[in-house]
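What follows is the residue order along each chain.
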Amino acid sequence: MAAQIAKKSTSNTSTYAGLGVFLMLPSWAVIGFFLVLPVGMMLIYSFLTKEFRGGVIWEFSLNAYDQFFFDRGLFGDAPPVIEWTYINIFWRSIWQAGVATFFSLLIGFPTAWFIATRTGPNKSVWLFLITIPYWVNLLIRTISMKFLIRDTGPLNEWLLSLGVISEPIHIINTSFAVQLGLFYSYLPFMVLPIYASVERYNFAYSEVAADLYASRRATLTKIIIPIVKPGIIAGCILVFVPSLGAFLAPDLLGGAKNFMIGSLIEEQFKGNAGNWPFGAAVSMILLSMVLVVLTFYARQQAKEGAR
Amino acid sequence: MSEIAVDILNMTKRYGSFVALRDVCLSIKDNEFFTLLGPSGCGKTTLLRTIAGFEAISEGAIKLYGEDIADLPPNKRPVNTVFQQYALFPHMNVRANVIFGLQRLGQDETTARARVDEVLDMVQLMEFADRLPAQLSGGQQQRVALARALAPKPKVLLLDEPLSALDLKLRQSVRQELQQIQQTTGITFVFVTHDQEEALTMSDRIAVIADGQVQQVGSARDIYEAPQNRFVADFIGETNLIDVAVSSVSGGYATCVLPGGDVQFTCPAAAGAVVGHGHLSVRPERVSLVKPQDGLLRGVTTRQVYLGTDMSVDVRLEGGKIITLRLQNSEETHIPEIGDPVGLNFETGTARLLED
Amino acid sequence: MARKLDIRHFPGFLPITYLCLFLLYAPLIIVMIYSFNDSNSITIWGGASLRWYGEVFWGVESAKFKAAALNSITIAVMAATTATTIATLAATAMLKAGRFRGKSVSFALINLPLMVPEIVTAVATLIFFSAIGFTTGYLTILVAHIVFCIPFAYLPIAARMQGIEDVYEQVALDLYATRFQAFRLILLPLMAPGIISGFLLAFIISLDDFIITNFVKGAGIETLPTAIFGAVKQGIKPNIMAISTLLLLVSVVFVTLSYLVGRMGQNKK
Ligand SMILES: Nc1ncnc2c1ncn2[C@@H]1O[C@H](COP(=O)(O)OP(=O)(O)OP(=O)(O)O)[C@@H](O)[C@H]1O
Ligand SMILES: [Mg+2]
């Protein structure tokens, strides 16, 4: 109803009617020229031939994708078999991002709920406390985490001095460290959209549920979660997508064994070992995966909106 | 004497230092259509929510069929609520909404389904069973909310202004429907409203509430004909409050002296009425017009308003007090002109001395 | 007992919230504490001092970090200014200009930098500049920063603009203002808190960026994050912790400012 009224008023009496295109032009130009066009170029590059010192030769080639999916032996003439190296890196990235998302949800949902149900000025203080870390430089946060969990870092020192452990626990350079890093990097992304959903949640639904003999648990699973689901999905995507392409956490906390997509891409553009078409191809594959997730999300949103 | 369904004993509810309900005592009988009536903010919703279990009480006790339920969470109380804004679960269709409580109670699927059909039939919503709440009109949503609350066969059904979101026509038809459902199901209804017509037409008994306190409990007739205090007399219908000197009170009757005269007369008195200064309540339709010298009171006509079947006339007494009377609008009724001196009369039995 | 009746309360959610805050803050606070460590080793506590802060400003590596900081700040100011301007115009178009061609696409376009993974943006930008034969350096960093700052500036600006009713400008038009005057004299001042918020957020985002900068910076130019990353690759040294603490404080101050400015605007209304 309110939306209808708003729509009406903009269509009839917009102050700057007719100037839309003109006002939008700078955004179109900048984002179109420096982001859309580059992504197009990247797609083209993924079909070119590699030049050994980085860069490309302008000659069509499927080598980049071939290298990603198939192994043709040392000399490239053996019958093609599936190349697992890169697919495994993708799997590992998906797994790591998934674990990080799961734990973010586990911690993020109760936190978001708790904050959204505060009253008075306390609420914005809580919310502010959750948002601050997000605005702190990601690199610095990752370094802090690395410092904290090193074998000789404060965490181990502290646990040793308390006598909880008798020798340092080895966390750094494990896949757990990467999960922890991703979780730590993107946790605020989980809290904020869920918080926004819970804010809009009408607590009368919980009252009705309780009135109709639902336990707290049944109210949570049957009423609250289905209703705030859009926020939960948004939070999961906001954690999962950047985790998937993350570079800093796997690089600084994971070490060589815990290579993820981000590092694989980065390697292709550094120094002489690089392979630009391959890097472009891996980026394209990552981008396609992200687009699939986002499309799924958009359709989900459209479905919710239709209700 | 019939059984007591809800017994509220000296209950007080505070929000911080604010007292929302003060020392409330109410006994709601089994199988009764009981209404809580009062102006906005008087604490009706709060009282209902303490019965439902959404608000903890600060003092006193609440008993449901003799059992103290003050410590039970809402999902353990055999009481259901129809909420003012309905709050139908938006992600569930009508059937899923209605079956929700039955499933929580652990009823088996077939029994539950049969019961859902039964209540949907009762509210005439069978054909809408598969729709989502957003696809229903306001009146239909209201009936789903009712069906959902009725489905688990609660011992007491609480309704918080369930008709306020409906338009006038619909409200009138739903009133009858509600009354009928109450009678056929035999469930005790506790109904909240601030609309006195709604209260008077539907209820077996009414509790008038103001400022968090129960002012009077009784049938519609009791409350209208025999108001306890000035608030009730004024809030329910129209009334004239006349200052009188009370010379004696005994056995439910009082003897008083009307202003500007030495006429002494005896009339029914409310329980708390005392000797001294008091207020007499006389309904406008109980006042009749007579010749100035024959009246209990004398004054001058100051206003007349045409109301269709009735005529409302204002008369200013010698002391300046305005008395309103209702006259039937018929051929033989004599309607005084403005400025005419008139006398006012009423049967002493229809006047009532109030608790001050 | 009151809790038992409170439908908003779930047992265990409060401790989880505390855990969440603890997890978010513990590493930062520990780094802050250790930045005051008067010891050459980063783990052994040698008493409190400002030694490493001195090292940051006057030590052997200070020149490198100062140059990097200067680059970071100038780029952040320019990128945030440009992105805020573009975002303000875009928000006016989206919210105050009725229908126009390409409106639905525009919304997606503005948010595109948020949706494309950073590393992909980085690769695409690098490839683009190399393909058109543009030497990577200060300018390429600036351009890339402008692009990804736009959506961050747009969010608070659009949120604020949504709260401003059309009537004010209509009154201005009624009183013989041109549309440009209505924009400059009415909309912009009303928008000021949103615009300032947008600028501050864009500024932090630019200041913080590592991945994209790392790709498009070319040789010989560093921003603070790339300089810090390079140093950390050699191992975490105490001066890094001092720099980190400083940068962290800058972020906190800016976000707090942005938050307060945004709220101030609301109160006035
Ligand atoms: N959670 C609360 N905290 C503080 N005061 C409250 C709270 N809930 C209600 N009140 C106060 O208690 C009083 C009674 O409120 P209640 O909702 O019961 O009124 P009501 O009689 O239902 O009014 P209406 O007809 O407008 O619905 C009001 O003065 C209200 O401000
Ligand atoms: Mg109410």
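Cut-offs applied
- Residues numbered from 1 in each chain as written.
- Chains lettered and ligands numbered in written order.
- Predicted model: local features only at pLDDT ≥ 70, side-chain atom pairs only at ≥ 80, totals over all residues.
- Heavy atoms only, no water.
- Helix = DSSP H or I, 4+ residues; strand = E, 2+ residues; numbered from the N terminus.
- Rg over C-alpha atoms; globule rule 2.2 N^0.38 Å.
- Areas by Shrake-Rupley, 256 points an atom, 1.4 Å probe, with all protein chains shown as cover.
- Buried < 20%, exposed > 50% of the residue type's maximum accessible area, 1.4 Å probe, protein only.
- Contact = heavy atoms within 4.5 Å.
- Lys, Arg positive; Asp, Glu negative; His and termini not counted.
- Charge placed at Lys NZ, Arg CZ, Asp CG, Glu CD.
- Phe/Tyr/Trp six-rings, centres within 6.5 Å; stacked < 30°, edge-to-face > 60°.
- Near = heavy atom within 4 Å.
- Polar contact = N/O pair within 3.5 Å; in protein donor to acceptor, adjacent residues only side chain to side chain.
- Axes fitted to C-alpha atoms, helices over the stretch in contact; angles between N-to-C directions.
- Parallel < 35°, antiparallel > 145°, perpendicular 65-115°, else oblique.
- Nonpolar A, V, L, I, M, F, W, Y, C, P; charged D, E, K, R; others polar.
- Salt bridge = Lys/Arg side-chain N within 4 Å of Asp/Glu carboxyl O.
- Patch = residues over 30% accessible without salt bridge, like charges linked within 9 Å, V, L, I, M, F, W, Y side chains within 5 Å.
- Buried area = accessible area lost by both parts, 1.4 Å probe.
- Pairing = 2+ DSSP bridges.
- Expected span 1.5 Å × (residues − 1).
- Bend = angle between axes of the 7 residues up to and from the residue.
- pLDDT = per-residue confidence, 0-100.

The helix and strand tally for chain A stands at 13 helices and four strands. Against the globule reference of 19 Å for 307 residues, chain A gives a C-alpha radius of gyration of 24 Å, more extended than a compact globule. Each of the three principal axes of chain A carries a C-alpha extent, and together these read 70 × 70 × 35 Å. Carbon and sulfur atoms provide 66% of the accessible area of chain A, an area that totals close to 13900 Å².

Scanning chain C for helices and strands turns up 12 helices and zero strands. Each helix and strand of chain C, placed in order from N terminus to C terminus, yields the pattern α-α-α-α-α-α-α-α-α-α-α-α. With respect to the principal axes defined by its C-alpha atoms, chain C has extents near 70 × 70 × 30 Å. Classification of the 269 residues of chain C by burial places 54% in the buried group. Considering only residue pairs separated by 6 or more positions, chain C has 73% of its internal contacts joining residues 24 or more positions apart. A distance of 5 Å separates the average location of the 19 positive side-chain charges in chain C from that of its 12 negative side-chain charges.

Aromatic ring pairs: the centre-centre distance and the angle between the two ring planes describe each pair. As enumerated under the stated definition, the model contains 47 aromatic pairs over all chains in all. With a centroid separation of 5.5 Å and 80° between ring planes, the pair formed by Trp113(A) and Phe10(C) is classed as edge-to-face. Of this pair, Trp113(A) sits in helix α4 (residues 84-116) while Phe10(C) sits in the loop between α1 (2-5) and α2 (13-34), on two different chains. Under the relative-accessibility criterion, Trp113(A) is labelled buried at 1%. Here the aromatic cluster, defined as three or more aromatic residues joined through ring pairs, consists of Phe109(A), Trp113(A), Tyr201(A), Phe203(A), Tyr205(A), Phe89(B), Phe100(B), Phe10(C) and Phe13(C).

Let's shift gears to the site of ligand 1. Residues and elements named next belong to chain B. Around ligand 1 sit Tyr15, Phe18, Ala20, Ser40, Gly41, Cys42, Gly43, Lys44, Thr45, Thr46, Glu161 and His194, and that is every residue in its neighbourhood. A distance of 2.8 Å is found between an oxygen atom of ligand 1 and a side-chain nitrogen or oxygen belonging to Lys44. Side-chain polar atom of Thr46 to an oxygen atom of ligand 1: 2.5 Å apart, as the coordinates give it. In isolation ligand 1 has 640 Å² of accessible area, and contact with the protein removes 61% of it. Contributions of two or more residues to the shell around ligand 1 are made by β2 (18-29) and α1 (44-52).

Turning next to the packing of helix α6 (residues 138-149) of chain A against helix α7 (residues 154-162) of chain A. Residue and element names in this part refer to chain A. Closest axis-to-axis distance for the α6/α7 pair is 4 Å, and the angle between their directions is 30°. Taken together, the axes of α6 and α7 lie roughly parallel to each other. Residues Phe147, Leu148 and Ile149 of α6 pack against Pro154, Leu155 and Asn156 of α7. Partitioned by chemical class, the residues of the contact of α6 with α7 number five nonpolar, one polar and no charged.

The next point concerns the pattern of salt bridges. Taken as a whole, this structure holds 21 salt bridges over all chains when the rule is applied. Taking the shortest distance from any N to any O, the salt bridge between Lys123(A) and Glu199(A) comes out at 2.8 Å. Residue Lys123(A) is found in helix α5 (residues 122-135), and its partner Glu199(A) is found in helix α8 (residues 175-200); the two are separated by 76 residues along the sequence. Relative accessible area serves as the criterion here: at 18%, Lys123(A) is assigned to the buried category. Across the pair Arg326(B) and Glu238(B) runs a salt bridge, and its minimum N-O distance is 3.0 Å. Within this pair, whereas Arg326(B) is found in strand β18 (residues 322-328), its partner Glu238(B) is found in the loop between α8 (230-235) and β11 (240-250), the two being separated by 88 residues in sequence. Connected through shared salt-bridge partners, Glu207(A), Lys13(B), Arg49(B) and Glu55(B) make up one network.

Before going further, it helps to examine a nonpolar patch on the surface. Residue and element names in this part refer to chain C. Among the surface-exposed residues, Ile29, Ile33, Phe36, Trp45 and Leu50 lie close enough to one another that they form a single nonpolar patch of about 470 Å² accessible area. Structurally, Ile29 can be placed in helix α2. Residue class for Ile29 comes out partly exposed when judged on its relative accessible area of 40%.

Moving on, we come to the interface of chain A and chain C. Where interface size is given, it is often the accessible area lost as the parts come together that is meant. Listed as interface residues are 91 residues of chain A and, on the opposing side, 99 residues of chain C. Interface area lost by chain A to chain C is led by Tyr16(A), Trp135(A) and Arg216(A), which between them contribute 10%. Where chain A packs against chain C, one counts one salt bridge. When the shortest N-O distance is used, the salt bridge between Asp251(A) and Lys233(C) registers 2.6 Å. Our enumeration of links across chain A and chain C arrives at nine residue pairs in polar contact (both at pLDDT 80 or more).

Residue and element names in this part refer to chain B. In spatial order, the strands read β15-β19-β16-β17-β18; together these five strands make up an open sheet with antiparallel pairing. The open sheet terminates on both sides in strands that have one partner only, identified here as β15 (288-290) and β18. The sheet shows a mean angle of 50° between the axes of neighbouring strands, direction not considered. Relative to strand β17 (residues 310-317), strand β16 (residues 297-306) runs antiparallel, the two being bridged by seven bridges. Bridge pairing in β17 links Arg303 to Asp314.

Moving on: unusual backbone geometry. Residue and element names in this part refer to chain B. Of note in this structure, Asn31 is not a glycine but carries a positive phi near 65°. Along the chain, the position of Asn31 falls in the loop between β2 and β3 (33-37). On the basis of relative accessible area, Asn31 is assigned to the partly exposed category, the value being 41%. In this structure, Ala87 takes a positive phi of about 50° despite not being glycine. Along the chain, the position of Ala87 falls in the loop between β6 (79-82) and α2 (94-104).

Here α4(A) is 33 residues long and its end C-alpha atoms lie 45 Å apart, about the 48 Å a rise of 1.5 Å per residue gives. At Gly108(A), α4(A) shows its maximal bend, which comes to roughly 30°, and the proline Pro110(A) appears one to four places after that position.

All names here are of chain A. Within chain A, residue pLDDT values average 85, and 93% of them lie at 70 or more. The weakest mean pLDDT in chain A belongs to helix α1 (residues 2-13) at 40; the strongest belongs to α4 at 93. Across residues 1-12, confidence stays below pLDDT 50; counting only partners more than four residues off in sequence or on other chains, it has five contacts.

Right, let's talk about the environment of Leu291(A) for a bit. When you line up the elements, Leu291(A) lands in helix α13 (residues 276-306). For the pair formed by Leu291(A) and Leu155(A), sequence separation is 136 residues and the distance between their alpha carbons is 39 Å.

On to the side chain of Thr255(B). Turning to its location among the elements, Thr255(B) is positioned in strand β12 (residues 253-257). Leaving out residues up to four positions away in the same chain, Thr255(B) has contacts with Ala245(B), Val246(B), Ser247(B), Ser248(B), Gln264(B), Phe265(B) and Thr266(B).

Backbone hydrogen bonds hold the strands of a sheet together, and the pairing may be parallel or antiparallel. All names here are of chain B. Taken together, the four strands give an open sheet; going across it, the order is β2-β1-β4-β5, and neighbouring strands pair in antiparallel fashion. Sheet topology places β2 and β5 (67-68) at the edges, where each strand pairs with a single neighbour. One ladder, built from two bridges, connects strand β4 (residues 59-64) with β5; its direction is antiparallel. The residue of β5 that forms the bridge with Lys63 is Asp68. In the packing of α1 onto the sheet, the strands contacted are β1 (4-15), β2 and β4, and the crossing angle to β1 comes to about 115°.

Right, let's get into the pairing of β12(B). All names here are of chain B. Sheet topology places β11 next to β12; five bridges connect them, and they run antiparallel. Across the sheet, Val249 pairs through a bridge with Ala254, a residue of β12. Taking the residues between adjacent antiparallel strands as the criterion, β11 and β12 are bridged by two residues, where Gly251 takes a positive phi near 55°. Note: β12 against strand β13 (residues 264-268), five bridges, orientation antiparallel. Looking across to β13, one finds that Ala254 is bridged to Cys267.

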